[in-house]
Amino acid sequence: APAAPKLPAYAAWKDADSLIIHSSSTLETKRSSMGASLVTPAERLYVRNNLPAMPESVLADRDAWQVAFEGVAKPGTLTLAQLKTIDFISVATVLQCSGNGRGFFPHKPSGTPWKVGAAGCVIWAGVPLKSVIERLGGAQGGMLYITGTGGEKLPEGVDPLSVVVERSVPIAALQDAMLAWEMNGAPLSVAHGGPLRLVVPGYQGVNNIKYVKRIALTPSESKAKIMSHGYRMTPMGQKAEPSQASVLLMNVKSWINTPSGDGKLAAGPAQILGVAFSGGSPIKRVEVSTDGGKTWRDAKLVGPDLGPFAWRQFAIQANLPAGTHTLVSRATDAAGQVQPQQREENVSGYGNNSWADHAVTVVAA
Ligand code: MSS
């Protein structure tokens, strides 16, 4: 048998038993390791790197990390030490890869076949980006996007735009965006973008730029390939192009983590637990079905409510007699969006929030 894959060096501190190691740049949390106490421990949180992670040496002097600000009245560079003096905020968000759930697309898109585990709920500490922009005199006229650039050293001999991790989000995201240096109470690891990361609450993972070295308010979207052609909702049979919707706000979604489908399940009374979230609209309702979606009951929303960008936990008791059961959940947010039965088909397998795809099949005995 081939040797079990090992954690990459930059993530060697993670809990290997709770992760599916797809590659050195893609680690997924097992459904059975999601935990049931709201916040995802860093040791279990998924990782997705489009380029090799930055070296650990970027953390040697965290406060000296520099960010260039452009598209503001007074452009310039600020160190992390200076950013820490401007303002402060702490926010809980769901961090989820846009490709989470790709593993359920029947056409097997290229890319990591994530099931549920390219997501977690974490708490950030940092500075509101809005306060930094104000300190720099505010936005220049005509700016429509926040463009964040990752600090990775780019491979040589290739067009930088073809590899740089640079994303643009609508300037309205300035309302909630932040520059974070801490996650779950600890200084930000390299694996998750330390020393400093752009966090855009409610937005798909790729928009949360790690080791952010430049923030530009821009009149148009970045010309980087990861923006222009990557992460687009490309209809089946078509080629990616900039006119197609980019992966921005997350859609309403939920899934069951307990029982996870792994291991034995005793027939009889069972506790069904899961998580639900949306792109910034609070979760209002979660229904659960133990017969694959034929009949539904309302679950209880439980646990702390850490705000509109965190996930909510839900719980419902069920009787699961001996036999096979298909457990599914369906979330509704305060804006009235209901988690759909079907995924939106697209070439790269983004944005899967189908309740049917996220079913857990359990055998009670
Ligand atoms: N950033 C940078 N700089 N780089 C890279 O690569 N990636 C993305 C984000 N950011 C990157 C960045 C992605 S894509 C994701 S998901 C995220 O990040 C993840 O995170 P973590 O921390 O978990 O690893 Mo998909 O949509």
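Residues numbered from 1 in each chain as written. Predicted model: local features only at pLDDT ≥ 70, side-chain atom pairs only at ≥ 80, totals over all residues. Heavy atoms only, no water.

## Let's talk about the nonpolar core
Phe-69, Leu-83, Leu-129, Leu-179, Leu-196, Leu-198 and Ile-215 are the most contacted members of the largest nonpolar core, which totals 53 residues. In contact with Leu-129, not counting residues within four places along its chain, are Phe-69, Ile-146, Leu-174, Ala-177, Met-178, Leu-179, Leu-198 and Ile-215. Core analysis: the second largest hydrophobic core is formed by 19 residues, Ala-276, Ala-299, Phe-314 and Ala-364 among them. (Core = buried A, V, L, I, M, F, W, Y, C linked by side-chain atoms within 4.5 Å. Buried < 20%, exposed > 50% of the residue type's maximum accessible area, 1.4 Å probe, protein only. Contact = heavy atoms within 4.5 Å.)

## Some words on the sheet that holds strand β15 (residues 268–277)
On the basis of which strands lie adjacent, the open sheet formed by four strands has the order β14-β15-β19-β18 and antiparallel pairing. Each edge of the open sheet is held by one strand with a lone partner, namely β14 (253–258) and β18 (300–302). Averaged over all adjacent pairs, the angle separating strand axes in this sheet is 35°, with direction ignored. Here β15 pairs with strand β19 (residues 312–320) via nine bridges, running antiparallel. When the bridges of β19 are listed, Gln-271 appears paired with Gln-317. (Pairing = 2+ DSSP bridges. Helix = DSSP H or I, 4+ residues; strand = E, 2+ residues; numbered from the N terminus. Axes fitted to C-alpha atoms, helices over the stretch in contact; angles between N-to-C directions.)

## A closer look at the pairing of strand β13 (residues 212–218)
Within β13, five of the seven residues are buried, which leaves the element mostly enclosed by the surrounding structure. With three bridges connecting them, strand β4 (residues 66–70) and β13 associate as parallel partners. Bridging across to β13, Glu-70 finds its partner in Ala-216.

## Quick notes on the environment of Asn-353
Residue placement: Asn-353 occurs in the loop between β20 (323–333) and β21 (360–364). Look at Asn-353 and you get buried, because its relative accessible area is 6%. Once the C-alpha coordinates of Asn-353 and Glu-241 are considered, the two residues, 112 residues apart in sequence, prove to be 23 Å apart. Setting aside residues no more than four positions away along its own chain, Asn-353 makes contact with Asn-251, Val-252, Lys-253, Gln-339, Pro-340 and His-358.

## Brief notes about the packing of aromatic side chains
In this structure the tally under the stated criterion is six aromatic pairs. A centroid spacing of 6.0 Å and a plane angle of 80° characterise the contact between Tyr-46 and Trp-114, whose relative ring orientation is edge-to-face. Linking Tyr-46 in the loop between β2 (26–29) and β3 (47–48) with Trp-114 in the loop between β6 (89–96) and β7 (119–128), this pair joins segments that are 68 residues apart in sequence. We classify Tyr-46 as buried; its relative accessible area is 5%. Of the residues examined, Trp-114 reaches a relative accessible area of 0% and is grouped as buried. On the basis of an interplanar angle of 45° and a centroid distance of 6.2 Å, the ring pair of Phe-277 and Trp-311 is categorised as tilted. Of this pair, Phe-277 sits in strand β15 while Trp-311 sits in the loop between β18 and β19; the two residues are 34 residues apart in sequence, bridging distant segments of the chain. (Phe/Tyr/Trp six-rings, centres within 6.5 Å; stacked < 30°, edge-to-face > 60°.)

Bear in mind that shape data such as this cannot, by itself, settle questions of function.
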